[in-house]
Amino acid sequence: KVATDRGYGLSLEAESITDTVMSADFAADIESSGPNALNEPERVGVAAAARLLQEIECGGVCDSTNQWLLIILAAAAEEHKPCTLRLGRLTPHTVQTLRHVRDFLGVSFNMSQNDDGTVMLNTVGAGLMNMARRTF
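Only a predicted model underlies this, so the values are computations on that prediction, with no experimental measurement involved. (Residues numbered from 1 in each chain as written. Predicted model: local features only at pLDDT ≥ 70, side-chain atom pairs only at ≥ 80, totals over all residues. Heavy atoms only, no water.)

Undergrad: So what exactly am I meant to see when it comes to the overall build of the chain here?
TA: What the chain contains, in helices and strands, is 3 helices and 5 strands. A compact globule built from 136 residues would reach a C-alpha radius of gyration of about 14 Å, whereas the chain, at 19 Å, exceeds it by more than 25%. The C-alpha extent of the chain, read off along each of the three principal axes, is 60 × 40 × 30 Å. Counting all 136 residues of the chain, 27% fall into the buried class. A separation of at least 24 residues holds for 57% of the contacts in the chain among residues at least 6 apart in sequence. (Helix = DSSP H or I, 4+ residues; strand = E, 2+ residues; numbered from the N terminus. Rg over C-alpha atoms; globule rule 2.2 N^0.38 Å. Buried < 20%, exposed > 50% of the residue type's maximum accessible area, 1.4 Å probe, protein only. Contact = heavy atoms within 4.5 Å.)

Undergrad: Would you mind showing me how to read the nonpolar core here?
TA: Generally speaking, nonpolar side chains in soluble globular proteins are found buried as a group. The biggest cluster of nonpolar side chains holds 14 residues, and the ones touching the most others in it are Ile71, Leu85, Leu87, Val101, Phe109 and Leu121. Listed by contribution, the elements that provide at least two residues to this core are helix 2 (67-75), strand 3 (82-87), helix 3 (92-105) and strand 5 (119-124). Contacts of Leu85, omitting those with residues within four sequence positions, involve Leu70, Ile71, Ala74, Val119, Met120 and Leu121. In terms of nonpolar packing, the next biggest core, distinct from the first, is built from 5 residues, Phe26, Val44, Ala47 and Ala48 among them. (Core = buried A, V, L, I, M, F, W, Y, C linked by side-chain atoms within 4.5 Å.)

Undergrad: Explain helix 3 to me, please; I cannot follow it from the model alone.
TA: Along an α-helix, residues three or four apart share an orientation, since each turn contains 3.6 residues. Between the first and last C-alpha of helix 3 there are 20 Å, a value that for 14 residues agrees with the 20 Å anticipated at 1.5 Å per step. For helix 3, the full list of buried residues reads Thr94, Thr97, Leu98 and Val101. Each buried residue of helix 3 sits inside an arc of 105° when the element is viewed along its axis, so together they form one side. When the buried face of helix 3 is taken as reference, the exposed residues oriented beyond 90 degrees from it are Pro92, Asp103 and Phe104. Two residues or fewer past helix 3, Gly106 is found with a positive phi of approximately 75°. (Expected span 1.5 Å × (residues − 1). Arc of directions from axis to C-beta.)

Undergrad: Any chance you could explain the side chain of Thr20 here in plain terms?
TA: Among the structural elements, Thr20 can be located in the loop between strand 1 (9-15) and strand 2 (21-27). Given the relative accessible area of 14%, Thr20 is considered buried. Those residues in contact with Thr20, other than ones at most four positions away along the chain, are Ala14, Glu15, Gly60 and Val61.

Undergrad: Would you explain the sheet that holds strand 4 (residues 110-113) in this entry?
TA: Strand-to-strand pairing in sheets goes through backbone hydrogen bonds, with the strands running parallel or antiparallel. Taken together, the 3 strands give an open sheet; going across it, the order is 3-5-4, and neighbouring strands pair in antiparallel fashion. Among the strands making up the open sheet, the edge pair consists of strand 3 and strand 4. Across this sheet, the average inter-strand angle for adjacent strands is 20°, counted without regard to direction. As defined by bridge partners, strand 3 adjoins strand 5 across 6 bridges and the pair is classed as antiparallel. Among the inter-strand pairings, Pro82 is bridged to a residue of strand 5, identified as Val124. (Pairing = 2+ DSSP bridges. Axes fitted to C-alpha atoms, helices over the stretch in contact; angles between N-to-C directions.)

Undergrad: I keep staring at a nonpolar patch on the surface and nothing clicks. Help me out?
TA: On the surface, Trp68, Leu69, Ile72 and Leu73 cluster together into a nonpolar patch covering about 350 Å² of accessible area. You can see Leu73 is positioned in helix 2. For Leu73, a relative accessible area of 53% corresponds to the exposed category. (Patch = residues over 30% accessible without salt bridge, like charges linked within 9 Å, V, L, I, M, F, W, Y side chains within 5 Å. Areas by Shrake-Rupley, 256 points an atom, 1.4 Å probe, with all protein chains shown as cover. Salt bridge = Lys/Arg side-chain N within 4 Å of Asp/Glu carboxyl O.)

The following block contains the structure:
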């Protein structure tokens, strides 16, 4: 049976006074039923708000779904400029990205944990350059 219902979801975003952006997404599960099913708009809204509050509680400069992107950008940065990132609790995907960056680019990160539960990552990038861009 092919589902013809389109479904719906909700994306929430919060921005701090220091330009830190956190976001959370949640989609309805229209195929499930029962007392705990997330197929009503009110329950989807509550679940999305709870997820956003969890992201804010974790701290850091970005939400947990985008940590890997900051790792890649810091690893590809210039060789002579150190990069420092402050992230919330590291997700399993972020940890695997750190392993891939170490194995493929040869860039390792120094990690330390702050008192507030955030993780500080320091590195010097690999100096990747865009060869398609013209330079003088």
